[in-house]
There are 2 protein chains.
Amino acid sequence: MGRALRAFAGVVGERWVLQDETDRDAYLDLYAPGDAALHAAAAAVAPANVEEVQALVRLANDYRVPLWPVSRGKNLGYGGAAPRVPGSVVLDLGRLNRILEVDPELGYCLLEPGVGFFDLYRHLDEHDIPLWMSVPGNAWGSVVGNALDRGIGHTAFGDHAARICGLEVVLPEGELLRTGMGGVAGSPNWNLFKHGFGPSWDAAFAQSNFGVVTKLGLWLAPAPQALTNLRLPLPNPEDIGWVVDVLRDLKMRGVVNQMLSISSYIGAATMRSQRHEWQDDPAPLAADAIAKMQRTFDVGWWNFTVQLSGHPEVNAIHARLVREAFAGRTEATFRETRWERGQPREKSGVGVPSVLALQMGNWHGGRGAHLGFSPVLPPTGRHALEQFRRTRARYEEYGSDYFGTFYLGDRHMLNVNMLMFDRDDAAMVRRTTGLFEVLIRDAAEKGYAEYRTHLDYMDAVADTFDFNQHAARRFNERVKDALDPNGILSPGKSGIWPRRFREAGFGTAVARKAQP
Amino acid sequence: MGRALRAFAGVVGERWVLQDETDRDAYLDLYAPGDAALHAAAAAVAPANVEEVQALVRLANDYRVPLWPVSRGKNLGYGGAAPRVPGSVVLDLGRLNRILEVDPELGYCLLEPGVGFFDLYRHLDEHDIPLWMSVPGNAWGSVVGNALDRGIGHTAFGDHAARICGLEVVLPEGELLRTGMGGVAGSPNWNLFKHGFGPSWDAAFAQSNFGVVTKLGLWLAPAPQALTNLRLPLPNPEDIGWVVDVLRDLKMRGVVNQMLSISSYIGAATMRSQRHEWQDDPAPLAADAIAKMQRTFDVGWWNFTVQLSGHPEVNAIHARLVREAFAGRTEATFRETRWERGQPREKSGVGVPSVLALQMGNWHGGRGAHLGFSPVLPPTGRHALEQFRRTRARYEEYGSDYFGTFYLGDRHMLNVNMLMFDRDDAAMVRRTTGLFEVLIRDAAEKGYAEYRTHLDYMDAVADTFDFNQHAARRFNERVKDALDPNGILSPGKSGIWPRRFREAGFGTAVARKAQP
């Protein structure tokens, strides 16, 4: 490792090989639910450009040193900047931070992985470019990293991975690939046409360990002419059933076209207060504490905001259709707000990055943290209600405060469950990880799998892909071995282990049994 | 080969190994621009189910027999049912023709490759399912095959490959894979969520030779409440410039959300007449012939129809916005027609399969045929106008009748150029293939590549992907070799040759030079 790091320094300069204790601590998982040392990096190396990435990857092959690329390393709740395998070297791409292109007319940008949501927002704002981003709840991270890890926002472009168009990738042996139309040198279509000619590859580089993405094309939404927001606070826990059916139907009819989120009451409280302000008893939150939170923050048990984006007259008709769809379903009433072009952008509430959601980490105090358990479900009221009941009961069984959000996508539903905990409270950490594990098993029994997970659970989630004796894993590993024969790139990411690690016993018992 | 075919018969029965001369002729490329014998199959074999597909693929490995899977083999203009390599055995999937699932509420279906557009249309109609397909111009083919080859239609779901969600694939050595959430046995999310966990693979099985797709999930559009069609016949050839900018802007603003096509005057004539009815002289069509065609069929030089789909009041506002966008741009006037739920479906003109476009093959008489040259371009007026001028001049230079259509997708433009010819006229065939080759070169100079091409040109189009000394080809072939070590599945498809064929000298000189 010492020799490898010296060789890395020959590429990037001593200054950009980060290997003292403070440096290494900076790459630990701040929200580790287990022992952070399980994912401690040996060092980090920060290249300045693609050529340096290629040189580092080649050296990593020479020295058989596992690299763990991160864009900005802000993947909180999923592992942050930390590698799956301790002793890996984090390949920190934060210095590749150029906004290479923004096309206002055709609605796309080409970014390096170090570009943050705030950087891109500022760029669009300062250059008066009429394109809007879709941002995740906590927007401190990388636009590229978020899209590759399939982050979500609340707009029509809220499925960020679905808006990727064209990648530049350093392959595990150092070769440079451009996907899709980028395969044609100088093509003007790289970030415009997703399919290319022959097999297309963008989606295979998401959540995978097949290459280091050094440039990413992303589609942006044209700034709308007007917005109409309809917020509805629903009073009852069981409202989550019928409301999913009503909203899905509105989406299928084209009245609503955004990624819709329906979030439980506690969300507002976690961003503006701590648990002890509501209840000292660690028992499940009592009805009066829940009611007080709802009054204080003016929220329902469930809350969602339909955002209609388009011509003001069209928005008005669609708003009427939304209200009609809810007529007679609830006593709750819509709160309507509007925005039109010319008004301050911040007031739109759309595509404006914020870090307010970070506050959630402070719910219990101490070294606060959270995990996200996020299975995919069919978008029906029946699935939502059963999932809610089952999951809430598990939260109570394990002494955790239920915090669920249901996202309605084009044809699917994501159920993001936040597990907030205090890393200084060992018993709470044990309860939290116990809860996480049982939630994986509960979901797997229904045939649900997670769309994204923390380092600690990548193997367990991959294990749930059991069709034909885990054919998906064998397929992933076969491609992995072909592209990365020395197994240097992100071993273990998404449960995909290169041959050398499999032979050394990494991965789960299920994985080993499934090998031919 | 004889032994292999006997082994195949052991799987599917003698009856489904098709090897006499008549059988073999049925799998020739009916529209071959070159010698059809260059793509003549040795035989065809037609399995009845997935298990038989697996058994055949395994036997093909044993006997090193190349298989060429086709869904229904109707890929006219791109090679039909014929294999790239003569002497291959066509794996005809037409008997796998079940509609396995249609979910009216969630808007998807799960299909086997033998299901045709007419089959699915009849199924939806007979069961009164309020979901509409997007159909290609000539809809005699397979829904699955069309989507995998990235066929296009005219609706909001007109990019058919973009609506694929979840595949079942027999891999080149016979193993069965389900992609995405299908990796979880019994998952209800297989055809609902595209990404899965870890790398996603659907797009890598499109236009590729990495596996035999035996089931495909496809999203269907909910039947609209109402439609407003606005047809505009534009009088001047050069109108193709500004009209692309106006329409793209309407699409970016969300006023129009369909895959829009703008087609030249000759389209209508090719479906309802033959060339000699307009002009005997083989020279370029004269102005009076062109004018007469336009009068006869009531079309402009360029023609498009905006189709607004949604609530009638919303359609009315959007229709006004469309008219406003064209105000002062042209003397031509919109022809408006409307459809509302309850009126006969056929009158909507949407998602109703037709084979009328087949008539185009008869333009010159004889054994009529066509080729499609289809580069991808940025969707701007400047690109459209330059592409039109350059391409039309080439058509005239090579004595062919210009027939171009520009499709506006989400962020790209496809320019489908039809080259109609008579296979019995050797000189015309030579001119046509000469034209095709020069069009590939012209496009490549601009950095454009084709989205799809005929068997004869797969290598030439793959050659245009030259970034980093053809890194895309090396990447494709590396994956190919890992998945298909014996090189039995569709060798040469999309210019991807398995190792054994590369070593035997298949592929172009460019391809050989690009190998490391």
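Structure first, text after, so check above.
To keep things clear, this report deals only with the structure shown in the data block. (Residues numbered from 1 in each chain as written. Chains lettered and ligands numbered in written order. Predicted model: local features only at pLDDT ≥ 70, side-chain atom pairs only at ≥ 80, totals over all residues. Heavy atoms only, no water.)

Focus: the sheet that holds strand E8 (residues 164–170) of chain B
Residues and elements named next belong to chain B.
- A sheet is described by the order of its strands in space; here 5 strands give the open sequence E5-E6-E10-E8-E9, paired in antiparallel fashion. Looking at the sheet topology across the chains shown, the edges are occupied by strand E5 (99–103) and strand E9 (176–178). Ignoring which end each strand starts from, the neighbouring axes of this sheet average 10° apart.
- When E5 meets strand E6 (residues 108–111), the two strands line up antiparallel, connected through 4 bridges. When the sheet's bridge partners are listed, aspartate 103 is paired in E6 with tyrosine 108. (Pairing = 2+ DSSP bridges. Helix = DSSP H or I, 4+ residues; strand = E, 2+ residues; numbered from the N terminus. Axes fitted to C-alpha atoms, helices over the stretch in contact; angles between N-to-C directions.)

Remarks on the sheet that holds strand E3 (residues 67–70) of chain B
Residues and elements named next belong to chain B.
- The strand order across the open sheet formed by 4 strands is E1-E2-E4-E3, and the pairing between neighbours is mixed. On the outer flanks of this sheet lie strand E1 (17–18) and E3, each paired with one strand and no other.
- Judged from the 4 bridges that link them, E3 and strand E4 (residues 89–92) form a sheet pairing that is parallel. Within E4, the position partnered with leucine 67 by the bridge is valine 89.
- Running over the sheet, helix H3 (residues 50–63) touches strand E2 (43–45), E3 and E4 and is turned about 155° from E3. (Contact = heavy atoms within 4.5 Å.)

Focus on the packing of aromatic side chains
- Enumeration over the complete set of coordinates arrives at 49 aromatic pairs over all chains.
- Between tyrosine 395 of chain A and tyrosine 402 of chain A the ring centres are 5.1 Å apart and the planes differ by 75°, which places this aromatic pair in the edge-to-face class.
- Ring-pair connections join several aromatic residues into one group, and the members of that group are Trp201, Phe205, Phe210 and Phe475 of chain A together with Trp201, Phe205, Phe210 and Phe475 of chain B.
- Here the guanidinium or amino end of lysine 194 of chain B rests over the ring plane of tryptophan 219 of chain B, the centre of that ring lying 4.5 Å away.
- One cation-aromatic arrangement involves arginine 345 of chain B over tryptophan 132 of chain B; the distance from NZ or CZ to the ring centre is 3.9 Å. (Phe/Tyr/Trp six-rings, centres within 6.5 Å; stacked < 30°, edge-to-face > 60°. Lys NZ or Arg CZ within 6 Å of the ring centre and 35° of its normal.)

Observations concerning the interface of chain A and chain B
- Taken residue by residue, the interface counts 88 residues in chain A and 88 residues in chain B.
- Both faces combined, the contact of chain A with chain B buries some 7,500 Å², and carbon together with sulfur accounts for 65% of it.
- In terms of surface lost to chain B, no three residues of chain A exceed Phe197, Arg411 and Phe467 of chain A, which account for 12% of the buried area on that side.
- Here chain A and chain B share 8 salt bridges between them.
- Linking glutamate 313 of chain B and arginine 320 of chain A is a salt bridge whose minimum nitrogen-to-oxygen distance equals 2.9 Å.
- Of all the secondary-structure elements, those providing two or more residues to the side of chain A that touches chain B are strand E9 (176–178), helix H6 (240–252), helix H9 (312–326), strand E17 (376–377), helix H12 (458–463) and helix H13 (467–483) of chain A.
- Examining the composition of the side of chain A that touches chain B, we find that 11 residues originate from one element, H13 of chain A, more than from any other.
- For the side of chain A that touches chain B, the class distribution of residues is 48 nonpolar, 22 polar and 18 charged. (Buried area = accessible area lost by both parts, 1.4 Å probe. Salt bridge = Lys/Arg side-chain N within 4 Å of Asp/Glu carboxyl O. Nonpolar A, V, L, I, M, F, W, Y, C, P; charged D, E, K, R; others polar.)

So, the pairing of strand E13 (residues 260–264) of chain A
All names here are of chain A.
- For E13, the buried fraction is high: 5 of the 5 residues fall into the buried class.
- Side-chain alternation along E13 places Leu260, Ile262 and Ser264 on one buried face and Ser261 and Ser263 on a second face that is also buried.
- The pairing of E13 with strand E14 (residues 302–310) spans 3 bridges and is antiparallel. Counterpart to serine 263 in the pairing with E14 is asparagine 303. (Buried < 20%, exposed > 50% of the residue type's maximum accessible area, 1.4 Å probe, protein only.)

Concerning the packing of H6 of chain A against helix H10 (residues 381–397) of chain A
Residue and element names in this part refer to chain A.
- Running from amino to carboxyl end, H6 crosses H10 at an angle of 150°, the nearest separation of the two axes being 7 Å. Regarding the angle of H6 to H10, the classification is roughly antiparallel. Between H6 and H10 lies a crossing whose hand is right-handed. From H6, Ile240, Gly241, Val244 and Asp245 reach across to H10, where they touch Gly381, Ala384, Leu385 and Phe388.
- The class makeup of the residues in the contact of H6 with H10 is 5 nonpolar, 2 polar and 1 charged. (Parallel < 35°, antiparallel > 145°, perpendicular 65-115°, else oblique. Left-handed = near helix turned anticlockwise from the far one by under 90°.)

Brief notes about the pattern of salt bridges
- Across all of its chains, the model carries 60 salt bridges over all chains by this definition.
- With its nearest N and O atoms 2.6 Å apart, the salt bridge here joins glutamate 173 of chain A to arginine 478 of chain B. Taken together, the positions of glutamate 173 of chain A in the loop between strand E8 (164–170) and E9 and arginine 478 of chain B in helix H13 (residues 467–483) put the pair across two chains.
- Between aspartate 119 of chain B and arginine 122 of chain B there is a salt bridge, and its shortest N-O distance comes to 3.9 Å. Linking aspartate 119 of chain B with arginine 122 of chain B, this pair stays in helix H4 (residues 117–126), spanning 3 residues, or about one helical turn.
- What emerges from the salt-bridge pattern is a single network uniting Glu477, Asp481, Arg499 and Arg502 of chain A.

Things to note about a negative patch on the surface
Residue and element names in this part refer to chain A.
- On the surface, a cluster of negative charge is contributed by Asp125, Glu126, Asp128 and Glu346.
- With respect to the helices and strands, aspartate 125 occurs in helix H4 (residues 117–126).
- Taking relative accessible area as the criterion, aspartate 125 reaches 47% and is therefore assigned partly exposed. (Patch = residues over 30% accessible without salt bridge, like charges linked within 9 Å, V, L, I, M, F, W, Y side chains within 5 Å. Areas by Shrake-Rupley, 256 points an atom, 1.4 Å probe, with all protein chains shown as cover. Lys, Arg positive; Asp, Glu negative; His and termini not counted. Charge placed at Lys NZ, Arg CZ, Asp CG, Glu CD.)

Thoughts on the packing of H6 of chain A against H9 of chain A
Residues and elements named next belong to chain A.
- With their axes 10 Å apart at the nearest point, H6 and H9 run at an angle of 150° to one another. In terms of orientation, H6 lies roughly antiparallel with respect to H9. As for how H6 packs across H9, the hand of that crossing is right-handed. Taking contact as the criterion, the partners of Trp242, Val243, Val246, Leu247 and Leu250 in H6 are, on H9, Leu321, Val322, Ala325 and Phe326.
- In the contact of H6 with H9, the residues fall into 9 nonpolar, no polar and no charged.

Here we look at helix H8 (residues 287–297) of chain B
All names here are of chain B.
- Among all positions of H8, only Ala289, Ile290, Met293 and Gln294 are buried. Take H8 and look down its axis: the buried residues cluster within an arc of 135°, on one side only. Residues of H8 that are exposed and point more than 90 degrees away from the buried face comprise Ala287, Asp288 and Arg295.
- Close packing links the buried residues of H8 with helix H7 (266–272).
- Backbone geometry just downstream of H8 places aspartate 298 in the positive-phi region, at approximately 55°. (Arc of directions from axis to C-beta.)

Notes on the side chain of aspartate 202 of chain B
Residues and elements named next belong to chain B.
- Within the secondary structure, aspartate 202 is located in the loop between E9 and strand E10 (212–219).
- The charged side chain of aspartate 202 is buried without a salt bridge, its nearest counter-charge being lysine 194 at 7.4 Å.
- In terms of polar contacts, aspartate 202 uses its side chain to reach the backbone amide nitrogen of glycine 166, at 2.8 Å.
- Non-local contacts of aspartate 202, meaning those with residues more than four positions away in its chain, are made with Ile164, Cys165, Gly166, Leu167 and Thr179. (Polar contact = N/O pair within 3.5 Å; in protein donor to acceptor, adjacent residues only side chain to side chain.)

Re the relation of the copies chain A and chain B
- Of the transformation superimposing chain A on chain B, the axial component is 0.0 Å and the angular component is 180°, with the fit at an RMSD of 0.0 Å. Read as a symmetry element, the transformation amounts to a two-fold axis.
- The overlap is high: 100% of the interface residues of chain A also sit at the interface in chain B, so the same surface is used on both sides. (Least-squares fit on C-alpha atoms with pLDDT ≥ 70 in both.)

A look at the nonpolar core
- If you look at the biggest cluster of nonpolar residues, it comprises 265 residues, and the most contacted ones within it are Phe304 and Phe326 of chain A together with Phe304 and Phe326 of chain B.
- When residues no more than four places from it in sequence are discounted, the contact partners of phenylalanine 304 of chain B are Leu230, Arg231, Leu232, Leu234, Val243, Leu247, Leu260, Ser261, Ile262, Phe326 and Phe334 of chain B. (Core = buried A, V, L, I, M, F, W, Y, C linked by side-chain atoms within 4.5 Å.)

Examining the environment of threonine 333 of chain A
Residues and elements named next belong to chain A.
- Here threonine 333 lies in the loop between H9 and strand E15 (335–340).
- In this structure, the C-alpha to C-alpha distance between threonine 333 and threonine 433, residues 100 residues apart in sequence, is 39 Å.
- Excluding residues within four positions of it along the chain, threonine 333 makes contact with Arg231, Leu232 and Pro233.

Focus on the pairing of strand E4 (residues 89–92) of chain A
Residue and element names in this part refer to chain A.
- The alternating pattern of E4 places Val89 and Leu91 on one face and Val90 and Asp92 on the opposite face, and all of these are buried.
- Bridging between strand E2 (residues 43–45) and E4 involves 3 bridges; their strand directions are parallel. Its bridge partner lying in E4, alanine 43 is registered against valine 89.

Some points on the state of the cysteines
Residues and elements named next belong to chain A.
- For the structure on display, the rule yields 0 disulfides over all chains.
- Unpaired in terms of disulfides, cysteine 109 finds its nearest cysteine sulfur in cysteine 165, a separation of 11 Å.
- Cysteine 109 sits in the buried class, given a relative accessible area of 0%. (Disulfide = S-S within 2.5 Å.)

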